[in-house]
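As a plain string of letters, each chain reads:
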Amino acid sequence: MIKFLLMVNKQGQTRLAKYFAEFLSTDERRALEGEVVRKCLSRTDKQCSFYEHRQYKIVYRRYASLFFMVGVDDDENELAILEFIHCFVEVLDKHFGQVCELDIMNEPEMVHYILDEMLVNGQIVDTNKTNILEPVQLLEQAAA
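Values in this document were obtained by computation on a predicted structure and should not be read as measured data.

### A look at the nonpolar core
Piece 1. With 32 residues, the main nonpolar core has Met-7, Phe-68, Phe-88, Leu-92 and Ile-114 as its most contacted residues.
Piece 2. Within the residue set of this core, elements represented by two or more residues are strand E1 (2-9), strand E4 (56-63), strand E5 (66-72), helix H2 (78-96), helix H4 (108-118) and helix H5 (129-143).
Piece 3. A per-element tally of this core places H2 first, with 10 residues.
Piece 4. Setting aside anything within four residues of it in sequence, one finds Phe-68 in contact with Leu-6, Met-7, Val-59, Tyr-60, Arg-61, Tyr-63, Ile-85, Phe-88, Val-89 and Leu-92.
Piece 5. The next biggest cluster of nonpolar side chains, apart from the first, holds 14 residues, and it includes Leu-32, Val-36, Cys-40 and Tyr-51.

Set out below in structure tokens:
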């Protein structure tokens with residue numbers, strides 16, 4: 001089960017954070033994010049893309065200037081989570097057209113909406129790009 005997802009730039013600034021079924025206070029979340037981000041940013045390109053931290057397995061992947069970090073429990077498959085991160089980035093690319101950090105900063109609610117189409121309570125429910133983007137496009141048409 002996915003416990004949290006973070007999108008962080010190369011400077012360590014959190015651009016998006018979403019928690020699932022974790023009852024952490026704001027201070028606890030800030031401390032957890034700081035620890036995870038520092039450890040992730042200090043790793044080299046030659047190290048594998050997952051490691052253990054506290055009770056979580058952290059799976060991360062870098063795309064351009066953004067790191068996508070996912071905290072999961074011990075039962076989750078790390079390679080499946082790497083595939084999920086890749087799918088999430090592909091959906092964002094398809095929606096925004098070459099997604100960048102500014103897209104995430106300017107439209108965080110849309111990124112959350114796309115993520116909500118893919119995940120429910122920390123469980124992956126859909127990875128089909130067309131199925132994920134259809135309600136997003138309907139939402140944008142209704143707003144226009």
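Next comes the rest of the description.
### Here we look at the UniProt feature "domain: AP complex mu/sigma subunit" (unreviewed entry) in the chain
Piece 1. UniProt records the feature "domain: AP complex mu/sigma subunit" (unreviewed entry) for residues 1-142 in the present numbering.
Piece 2. Between the C-alpha atoms that bound residues 1-142 there is a distance of 33 Å. The span itself is 47% helix and 26% strand.

### Regarding helix H1 (residues 26-42)
Piece 1. The terminal C-alpha atoms of H1 lie 24 Å apart, and with 17 residues this matches the ideal 24 Å at 1.5 Å per residue to within 8%.
Piece 2. Here H1 has its buried residues at Leu-32, Glu-33, Gly-34, Val-36, Val-37 and Cys-40.
Piece 3. Where the residues of H1 are buried, they touch E1, strand E2 (14-19), strand E3 (50-53), E4 and E5.

### Describing the packing of H2 against H5
Piece 1. At a minimum axis separation of 10 Å, H2 and H5 run at an interaxial angle of 35°. Crossing hand, H2 versus H5: right-handed. Mapping the contact onto sequence places Glu-90, Val-91, Lys-94 and His-95 in H2 and Lys-129, Thr-130, Ile-132, Leu-133, Val-136 and Glu-140 in H5.
Piece 2. Residue composition of the contact of H2 with H5, grouped by class: 4 nonpolar, 2 polar and 4 charged.

### Observations concerning H5
Piece 1. Taking 1.5 Å per residue, 15 residues should reach 21 Å; H5 reaches 21 Å between its end C-alpha atoms and fits that length.
Piece 2. The complete set of buried residues in H5 reads Ile-132, Leu-133 and Val-136. The buried residues of H5 occupy an angular sector of 75° when projected down its axis, which confines them to one face. Residues of H5 that are exposed and point more than 90 degrees away from the buried face comprise Gln-141 and Ala-142.
Piece 3. Each element contacted by the buried residues of H5 is listed here: H2 and H4.
Piece 4. In this structure Asn-128 caps H5, since a side-chain oxygen of it lies 2.9 Å from the backbone nitrogen of Thr-130.

### Here we look at the pairing of E1
Piece 1. Burial analysis of E1 places 8 of its 8 residues in the buried class, which makes it a mostly covered element.
Piece 2. As judged from the 5 bridges shared by E1 and E2, these two strands associate in the antiparallel manner. Bridge assignment links Val-8 to a residue of E2, and that residue is Thr-14.
Piece 3. In this structure, the hairpin formed by E1 and E2 is closed by a connection of 4 residues, where Gly-12 is found at a positive phi of approximately 90°.

### Digging into the side chain of Glu-101
Piece 1. Looking at where Glu-101 falls in the secondary structure, it is placed in helix H3 (residues 101-106).
Piece 2. Setting aside residues no more than four positions away along its own chain, Glu-101 makes contact with Asn-9, Arg-15, Ser-65 and Leu-66.

### Observations regarding the sheet that holds E2
Piece 1. A sheet is described by the order of its strands in space; here 5 strands give the open sequence E2-E1-E5-E4-E3, paired in antiparallel fashion. Single-partner strands in this sheet number two, and they are E2 and E3. Going from strand to strand, the sheet's axes swing by 20° on average, the running direction of each strand aside.
Piece 2. Pairing of E1 with E5 involves 7 bridges; the strand directions are antiparallel. Bridging from a neighbouring strand, Ile-2 pairs with Val-72 of E5.
Piece 3. Across the sheet, H1 is in contact with E1, E2, E3, E4 and E5; its angle to E3 comes to roughly 140°.

What counts, and where the lines are drawn
- Residue positions are counted from 1 within each chain, in the order its sequence is given.
- Reporting in this predicted model follows two pLDDT cut-offs: at least 70 for local features of residues, and 80 or more for side-chain atom pairs to be given and counted; totals over whole chains, interfaces and linings ignore these cut-offs and use all residues.
- To get the side-chain values, all heavy atoms of the structure are used, and hydrogens and water are removed first.
- What makes a nonpolar core is a set of buried Ala, Val, Leu, Ile, Met, Phe, Trp, Tyr and Cys residues whose side-chain atoms join them at distances within 4.5 Å.
- Buried residues are those whose accessible area, probed at 1.4 Å on protein chains only, stays under 20% of the maximum for their type, while exposed residues exceed 50% and partly exposed ones sit between those limits.
- Numbering of helices and strands runs from the N terminus, with a helix taken as a DSSP run of H or I at least four residues long and a strand as a DSSP run of E at least two residues long.
- Two residues qualify as a contact provided that any one of their heavy atoms is within 4.5 Å of a heavy atom in the partner residue.
- UniProt positions are given in the numbering used here, feature names are shortened, and annotations may be inferred rather than shown by experiment.
- One less than the residue count of a helix, multiplied by 1.5 Å, gives the span that helix is expected to have.
- An axis is simply a line fitted to the C-alpha atoms; with a helix, the fit covers only the stretch in contact. Between two such axes, the angle follows the N-to-C directions and lies from 0 to 180 degrees.
- In this scheme the crossing of two helices becomes right-handed for a clockwise turn of the near helix relative to the far one and left-handed for an anticlockwise turn of less than a right angle.
- Each residue gets one of three labels, nonpolar for Ala, Val, Leu, Ile, Met, Phe, Trp, Tyr, Cys and Pro, charged for Asp, Glu, Lys and Arg, and polar for the others, Gly among them.
- As used here, the arc belongs to the directions running from the helix axis to the C-beta atoms.
- Any N or O atom pair separated by 3.5 Å or less is treated as a polar contact, with the protein-specific requirement of one donor-capable and one acceptor-capable atom, and with residues adjacent in sequence counted only for side-chain atom pairs.
- Whether two strands pair comes down to DSSP finding at least two bridges between them.

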